[in-house]
Amino acid sequence: MTRLRALLRLIKGDRFARALLCAVSATSILAFVFGAAAELVIALLILGVATALAEISMYPPDRK
């Protein structure tokens, strides 16, 4: 249960939302403007979420 609480504490910050917004925006541009394949879009969304989680876990919101 402590891992779930730690994950929720990390996601609660606005840095995660900004990182996720950047990943979704870049993927949306590829999908709708350049007509990328669905497999590529799904892979980039998964990679973007994983990268956002990795970024906020490397730099916790407690440190400024």
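Cut-off values and rules
- Chains are numbered independently. Their residues run from 1 in the order of the written sequence.
- In keeping with the predicted nature of the model, local features appear solely for residues at pLDDT of at least 70, side-chain atom pairs appear and are counted solely at 80 or more, and the whole-chain, interface and lining totals rest on all residues.
- Each side-chain value is worked out from all heavy atoms of the structure, with water and hydrogens disregarded.
- Comment: elements are numbered from the N terminus, with helices defined as DSSP H or I runs of at least four residues and strands as E runs of at least two.
- Only protein chains enter the area calculation, which uses a 1.4 Å probe; residues under 20% of their type maximum are buried, those over 50% are exposed, and those in between are partly exposed.
- Here, Shrake-Rupley sampling with a 1.4 Å probe gives the accessible areas, and only protein chains in the shown set may cover a residue.
- We call two residues in contact whenever any of their non-hydrogen atoms come within 4.5 Å of each other.

1. Structural notes on the overall build of the chain
Next, step 1: Across its full length, the chain holds three helices and zero strands.
Next, step 2: N-terminal to C-terminal, the α/β element order of the chain is α-α-α.
Next, step 3: Put simply, the chain has 64 residues, and 14% of those count as buried.
Next, step 4: When the accessible surface of the chain is summed, it comes to about 5100 Å², and 70% of that surface belongs to carbon and sulfur atoms.

2. Quick word on the side chain of Thr-27
Next, step 1: Summarising the element assignment, Thr-27 is placed in helix H2 (residues 14–32).
Next, step 2: Not counting the four nearest positions on each side in its chain, Thr-27 is found in contact with Val-41, Leu-44 and Leu-45.

3. Structural notes on the environment of Ala-50
Next, step 1: Checked against the element boundaries, Ala-50 lands in helix H3 (residues 38–58).
Next, step 2: Judged by its relative accessible area of 40%, Ala-50 falls in the partly exposed class.
Next, step 3: Sequence separation of Ala-50 and Ala-23 is 27 residues, and the distance between their C-alpha atoms is 10.0 Å.

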